[in-house]
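Structural characterization, general
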Amino acid sequence: MARFVGLLLGALVCALLPVSACCAAETIRVAAQKTGTFAWELAVIRAHGLDKQQDIEIQTIELASPEAGKIALRAGSADLVVSDWLWVSRERALGAKLVFSPYSSALGAVMVPANSPIHDLSDLKGKKLAIAGGPIDKSWLLLQAALKREDFDLKSQATIVYGAPPLLAAKMADGEMDANLNYWNFCAALEAKGFRRLAGMEQILPKFGVKGRVAMVGYVFDEDWANAHRDLLTRFFAVTAKAKEILATSDAEWSTIAPLTGAADAATLQAYRDRYRDGIPHRPISDEEADARILYGVLAGIGGRELVGPGAELSPGTYYNPQPRD
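Residues numbered from 1 in each chain as written. Predicted model: local features only at pLDDT ≥ 70, side-chain atom pairs only at ≥ 80, totals over all residues. Heavy atoms only, no water.

In this section: the overall build of the protein chain. Tallying secondary structure elements over the protein chain gives 16 helices and ten strands in all. Principal axes of the C-alpha set define a box for the protein chain whose edges measure 90 × 45 × 30 Å. For the protein chain, buried positions account for 47% of its 326 residues. In the protein chain, 78% of the contacts between residues at least 6 apart in sequence involve partners at least 24 apart. Counting 35 positive and 38 negative side-chain charges, the protein chain places the centres of these two groups 2 Å from one another. (Helix = DSSP H or I, 4+ residues; strand = E, 2+ residues; numbered from the N terminus. Buried < 20%, exposed > 50% of the residue type's maximum accessible area, 1.4 Å probe, protein only. Contact = heavy atoms within 4.5 Å. Lys, Arg positive; Asp, Glu negative; His and termini not counted. Charge placed at Lys NZ, Arg CZ, Asp CG, Glu CD.)

What follows is the structure in structure tokens.
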């Protein structure tokens, strides 16, 4: 009888207490680059207790590079990372069951000094162009493909220098390069220093027939894990959507996360804010996937197996379907 009364009292306490006080919150392990934009989002989530509101515990594994995140996911030490759909498609073609959900459509650009005589992409002929990310960087390949349609072989008609994004941005700021194709956040920092966007990748993509801004990077996770944790993922996406909404509407929030962004001054922070907001995805998944299929074909044509692997087209199932399959 005493044991029964104890159990009854325990059940009554659980009924009266908030769920989070009685039962452990569900945990999701995310691997995030310490200096990446995903860290900004996670900081907002923690500051506003958005995870607690959805009864989620987000365990963050801080990593030094995007490649480390891929390794953590494939090794099973993380449930979710931020990466691109091209890698997901390639992994699926090789047998891994990964899936992708859009995170950001913020895109890089070709940057030039404010007083540069370069006013059109054709003016890059004979100039020194710095490319962030290496010879098979997606933006670089897409830029080449777009210009080849205009009979302009940029790779052979300009001096190309490859390097790490921060190094090339610094060399650009020091006047060592005529132009720089870089990632969006480094372009934003250059904008704050007075540099000019010669061409944003969002201006290049329509040349291939895409209908809107494509989220090139997204949340990536294992398909089997997702099927077993659909409700957890739904709540996690609700949390990240709320964090994006806060960052999209509150300028004060950017002052709070400023130390995480590494912004050297108020102008740089404002440029980060504006470009981040531009990149918040709003399109239906079906539209994102349709455009990704077009871009995959372009990338496969110019980058070959070294870039896309064995898949001739975007692998079926690359995009996460939040609805249970029959």
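This brings us to the pattern of salt bridges. Here the structure, examined in full by the defined rule, presents 22 salt bridges. The residue Asp-274 makes a salt bridge to Arg-273 at a minimum N-O spacing of 3.0 Å. As a salt-bridge pair, Asp-278 and Arg-275 come within 3.6 Å of each other at their nearest N and O atoms. In this pair, Asp-278 and Arg-275 both sit in helix α15 (residues 266–278), three residues apart, roughly one turn of the helix. Given a relative accessible area of 39%, Asp-278 falls into the partly exposed group. Arg-275 gets classed as partly exposed once you look at its relative accessible area, which sits at 22%. One salt-bridge network, held together by shared partners, links Glu-191, Arg-197, Glu-202, Arg-275 and Asp-278. (Salt bridge = Lys/Arg side-chain N within 4 Å of Asp/Glu carboxyl O.)

Grouped together as the largest cluster of nonpolar side chains are 53 residues, with contacts concentrated most on Trp-85, Val-110, Leu-121, Leu-124, Leu-143, Leu-154 and Leu-295. Not counting residues within four places of it along the chain, the set of residues in contact with Leu-295 comprises Trp-85, Leu-142, Leu-205, Phe-208, Val-210, Val-214 and Met-216. In terms of nonpolar packing, the next biggest core, distinct from the first, is built from 40 residues, Tyr-219, Phe-237, Val-239 and Leu-247 among them. (Core = buried A, V, L, I, M, F, W, Y, C linked by side-chain atoms within 4.5 Å.)

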